[in-house]
Amino acid sequence: MPAIKSLLILGLVPLALAETPPTLTIATWGGAYESVQRVVLFDPFTEQTGITIETEAYNGGLAVLDDSPPDLIDMSMVETLAACETGRLQLLDHSTLAEGTDGTPARQDFASGTLQPCSVAHSVYATVIAYDSRAFPGQRPSGVADLFNLEDFPGLRALQDSPYANLEWALMSYDVPRKDLYDLLSTQRGLRLAFDRLENLADQVFWWQAGQTPVEWLESGKVVMASGFNGRFFSARLDTNSPIEILWDGQVQEHQTWVIPQGANHADAARAFIRFATTTGRMAAIANHIAYGPTRNSAHALISRHPEADFDMRPHIPTHPYNASTAISKDVLWYARTYQRILQQFEKWRNGELNDGS
Amino acid sequence: MIPETIRSSVRLTAHSILGLAKVACLGALVGVVAALLANIFVAGIGWLNDVLLMSPRSRMMETDPLWIVIATLVVPTLGGLIVGLLHKGIFEGRAHGPAEVIAAVQTRRGRLPAWPALLSGLSSLVSLGSGASVGQYGPLVHLGGSVGSFGARLFRTDITVDNIAIACGVAAAISTVFNAPIAGILFAHELILRHFSLRAFAPVAIASIAGYVVANAILPQQPLFQINPTTVLYLWEYGLFLILGVCSALIAVAYMHSIFTVSRMARRIPLPSALKPAVAGAVLGLTALWVPEILGIGSETLRFAFIDGAYGHWELLLVLVLKLLATAWCLGMGFSGGVFSPSLVIGSLFGALFGTLVGTWVGATSELVVYAVCGMVAVTAPVIGAPLTAVIIIFELTGNYALTIAALASVALASLVASLLVGRSFFDRQLQQRGLDLSGGRSKALLVSRTIDSLINNRHVALERNVSVARACTAMGEAMVAEAYLVDDQGRYQGKVTLQALIEKPAEQPAQTFKVVNDFVIDAHTSLWEAMQMLKHFVGESVPVVGRNHQLEGIVFESDLIRAYLEIMAEMRREEYASD
């Protein structure tokens, strides 16, 4: 009876005995990322517990929490903090999280700031700039400023349809040091400078929403430079013919978290899943598949080689020192409070002053 | 048998090694403590600014605009009130600052008192935390100096080591907050010690390095600014930097004069002085509703000045003038804080303005940031009176040699021009207004700061004023002196007679007929400097000292005055040149 045994381990006996295992609905991000989650997390969980998992397409935003929310959401830290503050997420008990493989209690094993009242951060992802190596045979882009440099690096761009990373990069292109970015973005002058920079680029930009889109556009040659999530670009590069090159300069790092919305139908099963998915082993497995950094210290030691392509994964993780020397750490507290207002300005700018081309 | 000369030199070496170890330990200890306190101070300001909605980041994060308006009006006002009340606990009714540190060291009076230092530190923290437009480095210099002075007292050192310890604290504070240890050492020498001795260099360097290590190991300080690699495009631009320097000096002069003018005006405002900072805060808050840039230290404004296109011409001028006025207003009305950080902001805005104008007239030049940095340094250096420090800070923060030389070019004339118009620094001018003139050099300052009080003695012959020549001669002969002083029945000084003048005069005539014609007297509060000036035209043994109502209190021998002068000069030379 392996299934019952694992239910005992997971503390789900009452749930299991009371009824047939429920179906857990998880809102997550599709594409290569979801495929990896399916292999590393969802299917093994179903195998152990009998609980089946359905996914719901999700590209971020808090609208997912409105009527009949999913049981579990793979949410970015900024939105987690904002939603938790307004009481739209369930509080989580971090003491039920598994200890590290080396026996370290969860609270010490998780990096600081990754365990918040409503959430458990499970990975570090980065929004990076990538380019089509075919488009720049001679001089290649080497820094954030090149994203805005249409003279030396002409061609269409794809940017996320959101202020995230775009404002940071725009300001960074004025040589503003990384530590000053959010202080300056807190002033009208700083925001104006950032929008001025984006405005210069505006008629060359396609705006994307789903994480897989910039990968497709780069591969098809529709755009020559694009912002996107490092894991997606990594997965694309598993195909050795891929023209995509990642520019780590100015990568914007943020945590991705598991949260349970208020009104979730199967909160107990969702909690069991969080415990299952945030063990050292599962975290390391995700990192080995799609190059998102783990949030547990013990998981870092287990990052090794990609299971199929069989190369060292460490240089592809955002937090690797080689990649992180000019990383921007997304100021999640700042965004959690300001996002709605910044978004309004962003949308006003987009609607009022350009043909966005998408 | 070891010859006595070798034994004594071994003893001497052991003694100096011990002394050296003691001073080095003192330097390290002062360095670490000053660095920790400086870190806490800076972190405290940041925390207060965030909590009290004074920093742009916290204002942006506040979702209710009403709270921002309320905070902008209330926080500086309340802060001013607290500052005013804290200053009531200080004898002078104002915060102590770098001027006190300089005065203590230059006059070899040592000893910065702990209680005013504590109150001044607190009031600066409140001022800066509540958004007053003042600087943070002045308070830090005083804090560091006070830690040094306190350390010296713990180690029971002599006055020379006390001065060195003060310099150690200052060096550590600057080294920590700028993350620039060489600048820390230079600053302590340029502004505080004003001489260069190996004896002081070693502990000051140790303290500065200790500050740097603490800053990096325990509480890393963010650099004041970071500038990406940039270079000076054309050699003729160095000529422009010189001109920029001269213009910046005029801005610095205007800045310093505004502060002094507001201080003078503030004294005439018929309000209790404890309330004046609160009034200043209220006016500042009201203005900040319109131009929030004038609140606080202004790091964001400084950063924007480096960006081409962040301000228009008129905006640069407007923010520059308002920042200058706001700082003069806050400091003049009694907020506690420094003049350094605002001059960085004012200077960089001015440099940016100069650079933009030059760009419009001449065409292609180096990046705007080069001009902004030059302006920043050229306004700051004359204000703090430390041109080399200002240049080295640029070098240590940017590691950019071309930029450093550009800064040097702009500082070259700036300090000289400003010193002709105001004085060596803002602090020297402050001290001058308080009666301590350092412009004549340290020897004059030392002599001015000592009175002849301790040299007065009673070994004189006082005679009743109607005494006869014969009796006067006898009295002098018995006392073996050649001078006697005539006093009336109430002991009031009436004149001096000398043996030479009375000899062979008719014995029964009153002695006062023959008293010295070009006689002069001094009082006990006369400074050594004044006494030495008077002595230039003096012939004789001693000078009478008179008190209230012209009462004869005693005399000072000319030889005692000269001995005191020589001792002070010798002490000073020992501090400045000796190596042990």
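Conventions adopted
Residues numbered from 1 in each chain as written. Chains lettered and ligands numbered in written order. Predicted model: local features only at pLDDT ≥ 70, side-chain atom pairs only at ≥ 80, totals over all residues. Heavy atoms only, no water. Helix = DSSP H or I, 4+ residues; strand = E, 2+ residues; numbered from the N terminus. Rg over C-alpha atoms; globule rule 2.2 N^0.38 Å. Contact = heavy atoms within 4.5 Å. Areas by Shrake-Rupley, 256 points an atom, 1.4 Å probe, with all protein chains shown as cover. Lys, Arg positive; Asp, Glu negative; His and termini not counted. Charge placed at Lys NZ, Arg CZ, Asp CG, Glu CD. Disulfide = S-S within 2.5 Å. Buried < 20%, exposed > 50% of the residue type's maximum accessible area, 1.4 Å probe, protein only. Pairing = 2+ DSSP bridges. Axes fitted to C-alpha atoms, helices over the stretch in contact; angles between N-to-C directions. pLDDT = per-residue confidence, 0-100.

**Comments concerning the overall build of chain A**
Argument step 1. Across its full length, chain A carries 15 helices and eleven strands.
Argument step 2. The C-alpha radius of gyration computed for chain A amounts to 21 Å, which stays within 12% of the reference 21 Å derived for 358 residues, consistent with globular compactness.
Argument step 3. Dimensions of chain A, computed from the C-alpha atoms along their principal axes, are close to 65 × 45 × 35 Å.
Argument step 4. A sequence separation of at least 24 residues applies to 73% of the contacts in chain A between residues at least 6 apart.
Argument step 5. When the accessible area of chain A is evaluated, it comes to approximately 14,500 Å², of which 49% is carbon and sulfur surface.
Argument step 6. Considering chain A, the positive charge centre built from 26 side chains and the negative charge centre built from 42 side chains are found 4 Å apart.

**A few points about the state of the cysteines**
Residue and element names in this part refer to chain A.
Argument step 1. Applying the stated criterion across every chain, the model contains one disulfide over all chains.
Argument step 2. Put simply, Cys84 and Cys118 are joined by a disulfide, and their sulfur atoms are 2.0 Å apart. Residues Cys84 and Cys118 share a disulfide whose torsion about the S-S bond is about 60°; that sign makes it right-handed. In this pair, Cys84 sits in helix H4 (residues 77–85) while Cys118 sits in the loop between strand S4 (115–116) and strand S5 (119–132), placing the two residues 34 residues apart along the sequence.
Argument step 3. Since its relative accessible area comes to 2%, Cys118 is described here as buried.

**A word on the sheet that holds strand S3 (residues 493–498) of chain B**
Residue and element names in this part refer to chain B.
Argument step 1. Across the sheet, three strands lie side by side as S1-S2-S3; this open sheet has mixed pairing. Looking at the sheet topology across the chains shown, the edges are occupied by strand S1 (462–464) and S3. For this sheet, the mean angle separating the axes of adjacent strands, direction not counted, is 35°.
Argument step 2. Direction of pairing for strand S2 (residues 483–487) relative to S3: antiparallel, over a ladder of five bridges. The residue of S3 that forms the bridge with Tyr485 is Lys496.

**Describing the confidence of the model for chain B**
All names here are of chain B.
Argument step 1. Summarising the model, chain B shows a mean pLDDT of 88, and 99% of its residues fall at 70 or more.
Argument step 2. When mean pLDDT is compared element by element in chain B, helix H11 (residues 276–288) scores highest at 95, while helix H19 (residues 442–449) scores lowest at 81.
Argument step 3. In the model output, the complex is listed with pTM 0.85 alongside ipTM 0.82.

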